[in-house]
Amino acid sequence: SNSIGDRFILFQDKLASTIFRLQTFRTTISNKINDYSKNNSRYNEVWLKQTVNKLKLYKVNFDLLVNIAKALGDAYAYFLYQADLELLTEHLSHQRIANYSAGIGEKGEVEFLKNVKHIEGKFILFHGITNILRYGDYSFIDLNIMKVDKIGELKTSQTDSQTLKLDLTILKRNERKISCRNTF
């Protein structure tokens, strides 16, 4: 279907996947810079300096692209948090997360988002598409009242080359945690 609701949900998936790909490219560049630094005696000094400087510039530009993408995610999240500004203020009081790496944890978070759209009727908002949502990995939003019902934290491990094990801890606003496990 091509309804506005479907497009709204798919926007988050596409944005999360795009940010993950950008972070993957950035991680590859960082690894290449580190490899060159560790093995600098193998390369011509002038070539090495020019190449590393060019890679550092690419890395900075990928950071900028991620920030632009996350600004779009901030607007998306603000729409969902508009009736819950007190909780948004709590998020903003936490230190900003500037993790631009793309590891197994981020891969698990994106895969979870692609495969699970709601839990107990609550829409899942992925914090990794934003700069403003700073604790937990997901907000579970009651769309009837536009309020956050729960916050979720996901831990990912890889059981083999094709399987991720996901352990989601859900914190209700006024209760202790619940745990839920899935494998993708």
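Data block above holds the structure.
Draft legend 1. Representation of the overall build of the chain. The secondary structure content of the chain amounts to 4 helices and 6 strands. Looking at the 184 residues of the chain, the share that counts as buried comes to 40%. In the chain, the proportion of contacts linking residues at least 24 apart, taken out of those at least 6 apart, comes to 57%. For the chain, the accessible surface area stands at approximately 10900 Å², while carbon and sulfur atoms represent 54% of it.

Draft legend 2. Inspection of the nonpolar core at higher detail. Counting residues in hydrophobic clusters, the biggest one holds 43 residues, and the most contacted among them are Tyr-81, Phe-112 and Leu-125. When residues of this core are traced back to their parent elements, those giving at least two are helix H1 (4-38), helix H2 (45-81), helix H3 (85-93), helix H4 (104-115), strand S2 (122-126), strand S3 (138-142), strand S4 (147-160) and strand S5 (163-172). Sort the elements by how many residues they give to this core and H2 lands first, with 10 residues. Aside from chain neighbours lying at most four places away, what touches Tyr-81 is Leu-87, Leu-88, His-91, Leu-125, His-127, Leu-133, Ser-139, Ile-141, Val-148 and Ile-151.

Draft legend 3. Structural detail: the pattern of salt bridges. This model, assessed by the stated rule, comprises 6 salt bridges. Salt-bridge contacts for Lys-150 lead to Asp-149; the nearest nitrogen and oxygen are separated by 3.1 Å. Given a relative accessible area of 2%, Lys-150 falls into the buried group.

Draft legend 4. Focus on the packing of H1 against H2. Where H1 contacts H2, the two axes come as close as 9 Å, and the packing angle between them is 160 degrees. By the angle between their axes, H1 is roughly antiparallel relative to H2. When you trace H1 past H2, the crossing you get is left-handed. Looking at the contact of H1 with H2 residue by residue, the classes come out as 23 nonpolar, 5 polar and 6 charged.

Draft legend 5. Expanded view of the environment of His-91. Residue position: His-91 is located in helix H3. What makes His-91 buried here is its relative accessible area of 0%. With residues near it in sequence (within four places) discarded, His-91 still touches Tyr-81, His-127, Ile-132, Leu-133, Arg-134, Tyr-135, Ser-139 and Ile-151.

Draft legend 6. Structural detail: the environment of Ala-77. With respect to the helices, strands and loops of the structure, Ala-77 is situated in helix H2. Considered as a pair, Ala-77 and Leu-125 are 48 residues apart in the sequence and their alpha carbons are 7.3 Å apart. Residues within four places of Ala-77 in sequence aside, it is in contact with Leu-125, Thr-130, Ile-132 and Leu-133.

Draft legend 7. Quick look at the pairing of S3. The buried fraction of S3 is high, at 5 of 5 residues. Both faces of S3 are covered, namely the face carrying Tyr-138, Phe-140 and Asp-142 and the face carrying Ser-139 and Ile-141. Sheet analysis places S2 next to S3, joined by 4 bridges and oriented antiparallel. Paired with Phe-126 across the strands is Tyr-138, a residue of S3. Pairing between S3 and S4: 5 bridges, direction antiparallel.

Draft legend 8. Fine view of the packing of aromatic side chains. Evaluation of the coordinates by the stated rule reveals 10 aromatic pairs. Considering the side-chain rings of Phe-8 and Phe-79, the 5.7 Å spacing of their centres and the 65 degrees angle between planes classify their relative orientation as edge-to-face. Residue Phe-8 is located in helix H1, and its partner Phe-79 is located in helix H2; the two are separated by 71 residues in the primary sequence. Accessibility expressed as a relative area gives 26% for Phe-8, which makes it partly exposed. Given the relative accessible area of 45%, Phe-79 is considered partly exposed. Look at Tyr-36 and Trp-47: their rings are 5.5 Å apart centre to centre, the planes differ by 90 degrees, and that puts the pair in the edge-to-face class. Placement of the pair is Tyr-36 in helix H1 and Trp-47 in helix H2, with a sequence separation of 11 residues. Among the residues examined, Tyr-36 registers a relative accessible area of 10% and is labelled buried. Owing to a relative accessible area of 38%, Trp-47 belongs among the partly exposed residues under this scheme. Put simply, the rings of Phe-8, Phe-11, Tyr-76, Phe-79 and Phe-123 pair up and form one aromatic cluster.

The rules behind the values
Residues numbered from 1 in each chain as written. Predicted model: local features only at pLDDT ≥ 70, side-chain atom pairs only at ≥ 80, totals over all residues. Heavy atoms only, no water. Helix = DSSP H or I, 4+ residues; strand = E, 2+ residues; numbered from the N terminus. Buried < 20%, exposed > 50% of the residue type's maximum accessible area, 1.4 Å probe, protein only. Contact = heavy atoms within 4.5 Å. Areas by Shrake-Rupley, 256 points an atom, 1.4 Å probe, with all protein chains shown as cover. Core = buried A, V, L, I, M, F, W, Y, C linked by side-chain atoms within 4.5 Å. Salt bridge = Lys/Arg side-chain N within 4 Å of Asp/Glu carboxyl O. Axes fitted to C-alpha atoms, helices over the stretch in contact; angles between N-to-C directions. Parallel < 35°, antiparallel > 145°, perpendicular 65-115°, else oblique. Left-handed = near helix turned anticlockwise from the far one by under 90°. Nonpolar A, V, L, I, M, F, W, Y, C, P; charged D, E, K, R; others polar. Pairing = 2+ DSSP bridges. Phe/Tyr/Trp six-rings, centres within 6.5 Å; stacked < 30°, edge-to-face > 60°.

Honestly, that's just the spatial picture; any functional story needs more than this.
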